[in-house]
Each structure stands twice: as C-alpha cells, then as structure tokens.
Amino acid sequence: EKGGYDYFMLKEIAEQPKAVADTLLGRIDAAGSLTLDEVRISASELREVDKVVIVACGTAFHAGLIAKYAIEHWTRIPCEVELASEFRYRDPILDQQTLVIAISQSGETMDTLMALRHAREQGSKVLAICNTNGSTIPRESDAVLYTHAGPEVAVASTKAFLTQLVACYLVALYLGQVRGTKWGDEIHVVIRDLSHIGSDVERVLETMEPVRALARSLAHKNTVLFLGRHVGYPVALEGALKLKELAYMHAEGFAAGELKHGPIALIEDDLPVVVVVPSPRGRSVLHDKIVSNMQEIRARGARTIVIAEEGDEAVVPYADHLIRIPATPTLLQPMVATVPLQVFACELATARGNEVDQPRNLAKSVTVE
Ligand code: M6R
C-alpha cells in the first residue's frame, strides 16, 4: 500500500505532480477559462463579495497565508487569513458580503468547523476547500471545491498542501473572472503557468538526493531557522512546521525583513538557516534585500541553505548549500519551493530515528478544539 516507499509521506511527496494535475482537471475549459460550476455560490453573489476571510489550521493555514497574496492581487478584494482556533473568540466582523474560505484536508478539524459555523451564524457564505469527500466541513458549508490529492495518510501534510494552493488559486482566478477585475487578461496566462506546475514539481523531485544528504548531516543540530519574504514567508513557516512535527527540532520561520527587529540575535556559529529566495525577475527589490540578509547572517556565522531559482547567480557567493528550483512566476513559487523542505524534514526525521508517518503526540485529524 506504500507503493514501494518506506513511508506514506515519501509516497505522498512523490504523488504531488499528479495531485496538482488532478486538482486542475476538468476545471479549465478549452478556451482557457475557469469552469467552477461545482462551486454553488452564484456569480451574482460572488460579485457582491467585499471581503474574503480564510480560516484554517496548521499547514492549511499556511496555504491560506499564501492564497491571500493571490486573492488580493487578482481580485483586489481585501483578504484576511486567521487561525481557525482564534477566529470566533475575537468577535470577527462578518456579514453577507464576506466570503469565508475554510481550508481543511480532513474536513473534520474541529477548530475550523467551529469557525465556519460562527461565520454562517453571522450570515456569511462559506466555501470549503477540502480533500475528503462528504466530510463534515464541506457538508456544513454553502459550497465546496474539492482538492483531488487522493487519500493522505501520513500525519504530515504534503500533497494536500500543494493542492490547497491550486484550489485557492482557482478560487482567486474565478473571482477575478466573474467580477471582470482589471487582472482579467492575466488570468489566461496564470492558468497556463499553473498547468506547468506539476512538471516543475516533478523536476524538483528528481534533484532531491543532495537535500537528503544535507539533512542527514544536520541530524545532530538542535535548531534550524527559516527565512522568506512575500509568498516565501509562509513557505518558511511551513518548512519550520514540518521540521517541528517530524524531526522534533526547534524550528522557526521568519519574514526576512524582521531579522533586524529581533531574530538576528539568534544567529550563532554554524546555525543552519534555510533561506527561500524570491525570483530575481518579478519583485527584484525583494530578491536583492534577501541577498543582503544572507550576507548579514553569514557574517555572523550562519550556515545558509539557500533555495533559489535556476539561473539566479547572485545568491551563489552567500550559499553554503544551494538547492535549485525551476523558475516560476512569483505567486506560483511556493508550489515548487515547499517540496525540498518536505524532503528535508522527512529525511531529518528518519536520520533521528523518528516515526515519520506517525509523529509523537500528533493525530492526522484533530477533532477536538
Ligand atoms: O485536516 P486539516 O487540513 O484541517 O488539518 C489541519 C492541521 O491539523 C494540519 O495541517 C497539521 O498542521 C498537519 N499535521 C501539518 O503537517
């Protein structure tokens, strides 16, 4: 049942190109437009939406943090992302024009369920993004867009995360399409780029041996830090979460711009710091700023593990270890940049003798608040 892999997690990491393709399947028509008729919220209701609120936990929350960039960019609708466990306790401002998106792999996470119930009580429409057919969260929502990752068995979420991103982007683009925002023309280009992402992930998977070797060499470390910017920031958070839950190591993700506001004090000799580098094309200002951050932390002894786009030569002098990912548009980079972090955490867990598929103290779905 593990298909020749030692762990479900490895199998599920390997299944990501297919999971991404399956989640796109049947949702784009021959003309390159989105056909999300399955989302039972009418176009006129979607045109009324004046705020999007995403609620989720753990890895699904990280997908939501990334989705915010895409939703605001393509639709110009303000988008908030909140931990489901915090949401209803602060009396959030919600009304009929608020679209609440609840993201959950299992569809059974109690915190997310309670958040969506609260949202519906306030009259908001709730759209679930879910991987489990007929589970509670989609049943209690107004509409659902299923991710087609297939069953995810390992406690650590991998393929579900990538498909959550795809689904969120489809929703963002669909909102743009029905509302005819000024980004309408861009939609076709993004859809084309999205359909290439599966093969980009495939290429990343083919080059993971050095990442595994690096992970094994760090098995004795206590702490690993992760830095990112823009959509790379939630990727850093996700890399750190994976390491906590699988390797039981102290791991923290930071927005690179925050370094000088505190975290740089943590840097000491030979501390591994994973840096997710934005594309040098696109938002090149951010790229240059993160290159300076790499200089700063290296000068203080950090051992940099740099995830950067192919052809980005500016990072080479500051990278103790360099992990290459294919060049993608900025908003799609998380789908390729997360994959080495999954492999890294899985290999570190193995090297430390931990149970990969069933980490201590954790359950696949958290059905209590
Ligand atoms: O089933 P859900 O997507 O609602 O689960 C949410 C989190 O519990 C889940 O993503 C958790 O953080 C994973 N173990 C992360 O790998």
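That block above? That's the structure.
Our subject in this report is the structure included herewith. (Residues numbered from 1 in each chain as written. Predicted model: local features only at pLDDT ≥ 70, side-chain atom pairs only at ≥ 80, totals over all residues. Heavy atoms only, no water.)

**Digging into the site of the ligand**
- Near the ligand there are 13 residues, and of these S104, Q105, S106, T109 and E245 occur at the shortest range.
- In this structure, K242 approaches the ligand through a side-chain N or O atom, which is 2.9 Å from an oxygen atom.
- Because more than half of its atoms lie within 2 Å of the grid, the ligand is assigned to the largest pocket.
- Listing elements by their share of the shell around the ligand, those giving two or more residues are α4 (58–75) and α11 (232–247). (Near = heavy atom within 4 Å. Polar contact = N/O pair within 3.5 Å; in protein donor to acceptor, adjacent residues only side chain to side chain. 1 Å grid on protein atoms, 1.4 Å probe; cavity = no way out; pocket = protein on both sides within 12 Å on 5 of 7 lines; lining within 4 Å. Sits in = over half its atoms within 2 Å of the grid points. Helix = DSSP H or I, 4+ residues; strand = E, 2+ residues; numbered from the N terminus.)

**Let's talk about the pairing of strand β3 (residues 98–104)**
- Judged by how many residues are buried, β3 sits mostly within the fold: seven of seven residues are covered.
- Of the two faces of β3, the one holding T98, V100, A102 and S104 and the one holding L99, I101 and I103 are both buried throughout.
- Bridge count between strand β1 (residues 51–56) and β3: five bridges; the pairing is parallel. Bridged to V55 within β3 is A102.
- Direction of pairing for β3 relative to strand β4 (residues 125–130): parallel, over a ladder of six bridges. Considered in β4, the bridge of I101 is made with L127.
- Where the polypeptide runs from β3 across helix α6 (residues 110–121) and back to β4, its parallel neighbour, the crossover connection is right-handed. (Buried < 20%, exposed > 50% of the residue type's maximum accessible area, 1.4 Å probe, protein only. Pairing = 2+ DSSP bridges. Right-handed = clockwise from strand over helix to strand, strands pointing away.)

**Notes on helix α8 (residues 159–179)**
- Helix length check: α8, at 21 residues, gives a terminal C-alpha distance of 30 Å against a target of 30 Å (1.5 Å per residue), a fit within 8%.
- Counting buried residues in α8 gives 19 out of 21 residues, a clear majority hidden from the surface.
- Of the residues flanking the end of α8, it is G180, one or two places downstream, whose phi is positive at about 60 degrees. (Expected span 1.5 Å × (residues − 1).)

**Considering the packing of helix α10 (residues 209–217) against helix α13 (residues 333–351)**
- At a minimum axis distance of 8 Å, the contact between α10 and α13 shows a crossing angle of 45 degrees. In terms of orientation, α10 lies oblique with respect to α13. Here the hand of the crossing between α10 and α13 comes out right-handed. Judged by residue contacts, V211, R212, L214, A215 and R216 of α10 engage P340, V343, F344, E347, L348 and A351 from α13.
- Of the residues assigned to the contact of α10 with α13, the class counts are eight nonpolar, no polar and three charged. (Axes fitted to C-alpha atoms, helices over the stretch in contact; angles between N-to-C directions. Parallel < 35°, antiparallel > 145°, perpendicular 65-115°, else oblique. Left-handed = near helix turned anticlockwise from the far one by under 90°. Contact = heavy atoms within 4.5 Å. Nonpolar A, V, L, I, M, F, W, Y, C, P; charged D, E, K, R; others polar.)

**Overview of the pattern of salt bridges**
- Enumeration over the complete set of coordinates arrives at 27 salt bridges.
- Residue D200 pairs with R203 through a salt bridge whose shortest N-O separation is 3.9 Å. Note that D200 and R203 are positioned in helix α9 (residues 184–205) at a spacing of three residues, about one turn of the helix.
- In the salt-bridge network here, residues are joined through shared partners; they are K51, E80, E82 and R90. (Salt bridge = Lys/Arg side-chain N within 4 Å of Asp/Glu carboxyl O.)

Purely spatial values, then, with no claim about function.
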